[in-house]
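Coordinate analysis (summary)
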Amino acid sequence: MAGRLRGAALAGCLGLCGTALALLAVVLLRAYVLRPAPGPRVWGRRPELGFELSARDRRELKEALRGAIKIQTVSFSPDDQNTTALAEFGNYIKKVFPAVFSAKFIQHEIIGEYSHLFTVQGSDPQLTPYMLLAHMDVVPASQEGWVAPPFSAEERGGFIYGRGTMDNKNSAIGILQALEFLLRKDYRLRRSFYIGIGHDEEIYGHKGARKIADLLEARGVKLSFLLDEGSAILDGFIKGIKAPVAVIGITEKGALTVKLSVEKEPGHSSAPPKETSIGILAGALSRLEQNPMPNMFGHGPEIRTLEHLASEFTFPLNLIMTNLWLFSPIVSRILQQMPSTNALIRTTTAITMFNAGIKTNIIPPSAKATVNFRIHPSQKAEEVLEIIKTTIADDRVKIDVQETFDPNPISPWDNQAFGVQIFRRTLLDVFPEVSSVAPGICIANTDSRHFAKLTDAIYLFNPLIIKPDDFLRIHGLNERISVEGYEKQVEFLYQLIQNSDIKKLPEPHANSHEL
Ligand SMILES: CCCCCCCC/C=C\CCCCCCCC(=O)N[C@@H](Cc1ccc(O)cc1)C(=O)O
Ligand SMILES: [Zn+2]
Ligand SMILES: [Zn+2]
């Protein structure tokens, strides 16, 4: 009997100890293994004016965007733009946004013939201004393959179709629309801000955004932050994350475009040499494709993106993402499998043009190709060029560098980063379904890089929920925006302007809601 009692007591004790141990393990797991990503807190103040739209406002907002899409502001190449359309766009915004163009405290200037700079003077000159950037030019669109012609701005099933609906007339028109609505409600701005609308972003922005930046620099302007396109609220991009997450670019990749050429004696195709210019060039290109640039996972901000999103992942991915010190080799291998995530972790190589040959029976005198590299934030153009030379390893291939620039510096992402706090607050106001806001990389290039001397706080983000399918529409077929999505974009900008009017960020406190 005594033995049985001792046994029961032991079993009870073991059970208790087991429970205690299990509890301890859960606590440790929560505290150390599944710890939430560190992030600044947001304050509780709400914007003064709500975003209630009448049926008339809704119609006006939609028609303003549709009208802009119909203007064919195409950038074909650096010396081929539709300048008539660019000028028409200027007249159009004057007509559609009368409050913006008549406000006494808004100065409007045309820069580089077709770009627009608005200086919106706030009532408090002590507050450092910020800038909203967008562009009006678009890439060309084929007539075939669209459900509605690319410049028809046709509305179908709640979407407006057309070139520029996501890239980037939605921002250009959206910013002016948000300001127009605020002015009509007599909102008095406190913090000054600039609006820049470039006309040649798709061809590097040298005549538009660059000139705007030079002018502001000459005026001695410093910005508290700058917001441009380049990332979005991502839905379904990352395996293991169910909810949409806002990924705000804190840098953009660098770029290097090289022209490769091979010259060889032409001749009769009946007695060909062992290698032709085409064969030699094709070999070099194949070596570049077969030997991708090194995987740089862990050397740039991509690791911070995953750490911030760690708690959004389902089990066991949440555990893996919280412990990248251990799992980064596996994660980096997974990321390189999809083109959009591969672009986050390495300098990408894209053969974009190939020209050779003039007739079926002539040995071609020359072969040329263009290769476009997008440089990972941890590398420099010079370093990439060295790797290219070593990989090609053939002196017969001439390498001419065309456009090149290093990646942008990394913008701040912490408690003191004013812009980041404003975006968090505004996302919370307008997109309550977005559960995380993370820093990321813009895998393409934007006009914002011209503004590096005016601020170290450049952020790339379009307040639009996009799915992988939408990403393919940018520069692709059937670019479109949902009417609801565009309304939300305007609402985001409307609230962002009001939220930016705060004098100074409140001190973070323990109970405030955190994204
Ligand atoms: C966790 C991550 C998954 C990553 C998935 C990425 C999704 C990103 C979502 C939206 C990205 C939209 C990118 C729009 C910006 C494109 C801008 C652009 O096309 N630029 C051109 C031209 C250009 C402009 C300025 C320059 O100085 C150089 C080139 C480009 O070719 O980059
Ligand atoms: Zn764009
Ligand atoms: Zn574009």
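Our structure's up above, just so we're on the same page.
The structure reproduced in this document is the subject of the present report. Note that the structure is predicted; figures quoted are calculated from it, not measured. (Residues numbered from 1 in each chain as written. Chains lettered and ligands numbered in written order. Predicted model: local features only at pLDDT ≥ 70, side-chain atom pairs only at ≥ 80, totals over all residues. Heavy atoms only, no water.)

Surrounding ligand 1, one finds 20 residues, the nearest of these being E201, R374, N445, R449 and H475. Between N445 and ligand 1, the recorded distance is 2.8 Å, taken from a backbone N or O atom to a nitrogen atom. Interatomic distance of 3.2 Å between a side-chain N/O atom of H475 and an oxygen atom of ligand 1. Expressed as a share of its isolated accessible area of 800 Å², the protein-covered part of ligand 1 is 90%. (Near = heavy atom within 4 Å. Polar contact = N/O pair within 3.5 Å; in protein donor to acceptor, adjacent residues only side chain to side chain. Areas by Shrake-Rupley, 256 points an atom, 1.4 Å probe, with all protein chains shown as cover.)

The zinc ion (ligand 2) binds to the protein through H135 (NE2), D167 (OD), E229 (OE) and E229 (OE), with metal-donor distances spanning 1.9 to 2.3 Å. With 4 donor atoms in place around the zinc ion (ligand 2) and angles of 56 to 148° between them, the coordination shape is irregular. Within one chain, the residues donating to the zinc ion (ligand 2) are spaced in sequence as H-x31-D-x61-E. In this structure, the zinc ion (ligand 2) lies 3.3 Å from the zinc ion (ligand 3), and both are coordinated by D167. Of this pair, H135 sits in strand 5 (residues 130-135) while E229 sits in the loop between strand 9 (226-228) and strand 10 (233-234); the two residues are 94 residues apart in sequence, bridging distant segments of the chain. (Donors = N, O, S within 2.8 Å, 3.2 Å for Na, K, Ca; no water. Tetrahedral: all angles 85-135°; square planar, octahedral: opposite > 155°, others 65-115°. Helix = DSSP H or I, 4+ residues; strand = E, 2+ residues; numbered from the N terminus.)

Within the secondary structure, S269 sits in the loop between strand 13 (267-268) and helix 7 (277-290). C-alpha of S269 to C-alpha of I363: the two residues are 94 residues apart in sequence and 5.4 Å apart in space. Excluding its chain neighbours within four sequence positions, the residues that come into contact with S269 are T360, N361, I362 and I363. (Contact = heavy atoms within 4.5 Å.)

Turning our eyes to something else, we now look at the packing of aromatic side chains. Counted by the stated rule, this structure contains 11 aromatic pairs. The interplanar angle of 70° and the centroid separation of 6.1 Å between the aromatic rings of F237 and F471 together place this pair among those described as edge-to-face. With a gap of 234 residues between them, F237 in the loop between strand 10 and strand 11 (245-252) and F471 in helix 14 (residues 468-473) connect regions that are remote in the sequence. By relative accessible area, which is 12% here, F237 ends up buried. Among the aromatic side chains, those forming a connected cluster through ring pairs are Y130, F193, F225, F418, F423 and Y459. Here the guanidinium or amino end of R449 rests over the ring plane of F405, the centre of that ring lying 3.4 Å away. We note K488 situated over the ring of F431; from NZ or CZ to the ring centre the distance is 4.9 Å. (Phe/Tyr/Trp six-rings, centres within 6.5 Å; stacked < 30°, edge-to-face > 60°. Buried < 20%, exposed > 50% of the residue type's maximum accessible area, 1.4 Å probe, protein only. Lys NZ or Arg CZ within 6 Å of the ring centre and 35° of its normal.)

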